Amino acid sequence: MGFTFSEKVLGAKAGRPVRAGDVVTVSPDYVLSHDNSSAIIKEFRKLGLLRVKRPEKIVIVLDHIVPASEEKYAQGHKSIREFVAEQGIEKFFDVHRGVCHQVFVEEGYARPGLLVVGSDSHTTSYGALGVFSAGIGRTETASIWAVDEIWLRVPNTIRIEFRGTFPSGVSAKDVALKLIGDGGADMADYRAVEFGGPAAAGFSIASRLVLCNMAAEMGAKAGYFHPDGVTREWLKGRTEENYEEIFSDPDATFEKTLSCDLSALVPQVACPHTVDNVKTVTEIEGTKIHQALIGTCTNGRLEDLEAAGLILRGRRVHKSVRCLVLPASQQVYIEASRRGLLTLFAEAGCLILNPGCGPCLGAHEGLMAAGEVTVSTANRNFRGRMGSRDSEIYLASPATVAASALAGAIADPRKALP
Amino acid sequence: MKGKVWKYGDNVNTDVIFAGKYTYTLMPPEEMAKHALEDLDPEFAKNVRPGDVVVAGKNFGCGSSREQAAACLKSAGVQAVVARSFARIYYRNAINLGLPVLQSAEAAEALEAGDEVEIDFTAGKIRASDGREFGFPPFPDSVLGIIEAGGLIEYTKKKL
Ligand code: SF4
């Protein structure tokens, strides 16, 4: 009987063949953290150690509340900068660089076959590059800094096979929302999700990142695509390191296999206050909005900004809507600027924010008052996540959010395409 | 220790357990307790008593990896969380911080808000004061060591 991707990656790390359900103690290739590093440092200090064990494996990106909006956050950032200098941590990115998950892949740290953990739930994203990557907590991150080890249970795998092609106005976000709406927010709890099938090769890295990012909203431990030409192309020029591509065996055991026809998809929207409360755009078209957010680690890449730009070009955002554009990284920002997208957005009446998490986690920049509604390209719409507990968040693709920003209400992007 | 049941539904997420706006502030535990479940049930933090038990449906703790979502319940005195199932990062965090998370579909279904329960960790039983009894599976060996050491920090210290 063959092995799954997860069994192979974790088995290689454990130095023995392993099967789903086994518990392994492994040493990850990288461990990621962000602004929460200040809390991790506190836990690390409790261990009474002077030095982290493997500084070269630690990646820290300041992105959550950047630049610091209050003194207490400034203090947190300062303690992280001091720790980074003291410990000789070189993979440190300060407030200008972007959202950790985008920076991590741009820097070439996400390479096929690696094992990455991070104290952020959307660490699952790197599966887009054939990495086994999972979110963990802060205390265990501190413990990895100290001993370079973590226990993980080898997950069962759900395979999702894509066929067909995306109709116009429909993208990776719609397929992610459709899967979560059908399967529920715990459809893959404790499991890995393998995205494959004949249409998988047609997914860009940006689209793969959307699916693997949203795998966290399926409850998954990890989500991944098998590496292919698209992966190799992306890695060219981004890394000099060797990597080993790992694939599930053809006769590997999957817990179940789902099939998904992209051609049959229509734009999807996750309604308040859970990601699995999904409806088609047609069902809720006309729902009034006050704010639109285009960006975040889910949909803040060039491809996403292009999709929104296509709809916003030469038009004006509705007068009662604040439309926020949040590029995922500085590299995305620069390239968007080169292509004229930033000007296009500004001319359409959008507000361009600095790369980072922005309002996504509800700590600064664009919170909502009671009674307000945001339609966002982010990955979570939990009650109170972007301000008042009496505000509402709808989640959709960049195209749907752009169309809604123009209409002042949730709108079907297929009707707004030029 | 006897405690009262606080009952909630499915998919109780980490944002409603401990709001994102507080997560990047280093808060002392007593302060965290005051914000526990703030966006789900504002009555909880005001009225919770040491030994109380949170009972919920499936996928408890889904969402963010923030550990405060486990820490705030622990510092509020919650004896254990009983649910049909837990989101995986929450499950890990709770164990790493020493908050018992017990999986029992029957108890999650049958227990109601206000019921009085007692938990026998050695026997793996949840006992209601009206005589009903529910079992929960023992922890996997891998996590027992952490629980026995009193959390991951203590456990790691031993390895150093
Ligand atoms: S953009 Fe939002 S979901 Fe992504 S890492 Fe930042 S806070 Fe988390």
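Relevant structure appears above.
Every residue gets a number counted from 1 within its own chain, in the order that chain's sequence is written. All chains are assigned letters beginning with A, and all ligands numbers beginning with 1, in the order in which they are written. Residues qualify for local features only when their pLDDT is at least 70, as the model is predicted, and side-chain atom pairs are given and counted only at 80 or more; totals for whole chains, interfaces and linings, by contrast, use all residues. With hydrogens and water excluded, all non-hydrogen atoms of the structure serve as input to the side-chain values.

Peer 1: Describe the interface of chain B and chain A, with residues and values.
Peer 2: Contacts between the two partners involve 41 residues from chain B, matched on the other side by 49 residues from chain A. By buried area we mean the combined loss of accessible area, with a 1.4 Å probe, across both parts when two parts are placed together. When residues of chain B are sorted by the area they lose upon contact with chain A, Tyr24, Arg88 and Arg92 of chain B head the list and together hold 23% of the total. Residues Glu140 of chain A and Arg92 of chain B are paired through a salt bridge, measuring 3.0 Å at the closest nitrogen-oxygen approach. Side-chain atoms alone can form a polar contact between residues adjacent in sequence; in general such a contact is a pair of N or O atoms within 3.5 Å, and within protein one must be able to donate a hydrogen while the other accepts it. Counting every contact that joins chain B to chain A gives 18 residue pairs in polar contact (both at pLDDT 80 or more). Where the side of chain B that touches chain A is concerned, the elements lending two or more residues are helix H1 (14–17), helix H5 (88–97), helix H7 (141–149) and helix H8 (152–159) of chain B. Element by element, the count of residues in the side of chain B that touches chain A is highest for H5 of chain B, at seven residues. By residue class, the composition of the side of chain B that touches chain A is 15 nonpolar, 15 polar and 11 charged. Contacts: residue pairs with any heavy atoms within 4.5 Å of one another. What counts as a salt bridge is simple: a side-chain nitrogen of Lys or Arg found within 4 Å of a carboxyl oxygen of Asp or Glu. Every helix listed is a DSSP run of H or I at least four residues long, and every strand listed is a run of E at least two residues long, numbered separately from the N terminus. Residues are sorted three ways: Asp, Glu, Lys and Arg are charged, Ala, Val, Leu, Ile, Met, Phe, Trp, Tyr, Cys and Pro are nonpolar, and all the rest, Gly among them, are polar.

Peer 1: Please give an account of the side chain of Ser376 of chain A that cites residues and values.
Peer 2: Residues and elements named next belong to chain A. Turning to its location among the elements, Ser376 is positioned in strand S17 (residues 373–376). The cut-offs for exposure are 20% and 50% of the maximum accessible area for each residue type, with area from a 1.4 Å probe on protein chains only; residues under the lower value are buried, those over the upper are exposed, and the others partly exposed. What makes Ser376 buried here is its relative accessible area of 0%. From its side chain, Ser376 meets the backbone nitrogen of Ala378 in a polar contact 2.9 Å long. Non-local contacts of Ser376, meaning those with residues more than four positions away in its chain, are made with Leu293, Ile393, Tyr394, Leu395, Ala396 and Val401.

Peer 1: If you had to explain the sheet that holds strand S2 (residues 30–33) of chain A to someone new, which residues and values would you point to?
Peer 2: All names here are of chain A. Any two strands between which DSSP finds at least two bridges are classified as paired. On the basis of which strands lie adjacent, the open sheet formed by five strands has the order S4-S3-S2-S5-S6 and parallel pairing. Two strands in the sheet have a free side with no partner beyond their single neighbour: strand S4 (91–93) and strand S6 (132–135). Looking at each pair of strands side by side, their axes are set apart by 15° on average, direction ignored. Alignment of S2 against strand S3 (residues 58–61), held across three bridges, turns out to be parallel. Bridge pairing in S3 places Leu32 opposite Val59. A fitted line through C-alpha atoms serves as each axis, taken over the contacting stretch for helices, and the angle formed by two N-to-C directions is quoted from 0 to 180°. On the sheet, helix H5 (residues 138–147) packs against S2, S3 and strand S5 (115–118) and is oriented at approximately 140° with respect to S2.

Peer 1: Tell me about the packing of helix H2 (residues 37–46) of chain A against helix H3 (residues 71–87) of chain A, residues and numbers included.
Peer 2: Residues and elements named next belong to chain A. At a minimum axis separation of 8 Å, H2 and H3 run at an interaxial angle of 55°. Our classification of the angle between H2 and H3 gives oblique. Here the hand of the crossing between H2 and H3 comes out left-handed. Residues Ser37, Ser38, Ile41, Phe44 and Arg45 of H2 touch H3, and the partners they reach there are Gly76, Ser79, Ile80, Phe83, Glu86 and Gln87. Should an angle lie under 35 degrees it is considered roughly parallel, over 145 roughly antiparallel, and from 65 to 115 roughly perpendicular; all remaining angles are considered oblique. Helix crossings are classified by the rotation of the near helix relative to the far one: an anticlockwise turn of less than a right angle makes the crossing left-handed, while a clockwise turn makes it right-handed.

Peer 1: So what about the pattern of salt bridges? Which residues, and what values?
Peer 2: Where side chains of opposite charge bring their charged atoms close, a pairing between them can arise. Inspection of every chain in the model, using the stated rule, returns 43 salt bridges over all chains. Ionic contacts of the salt-bridge type, sharing partners, join the residues Arg54, Glu56, Lys57 and Asp148 of chain A into one network.

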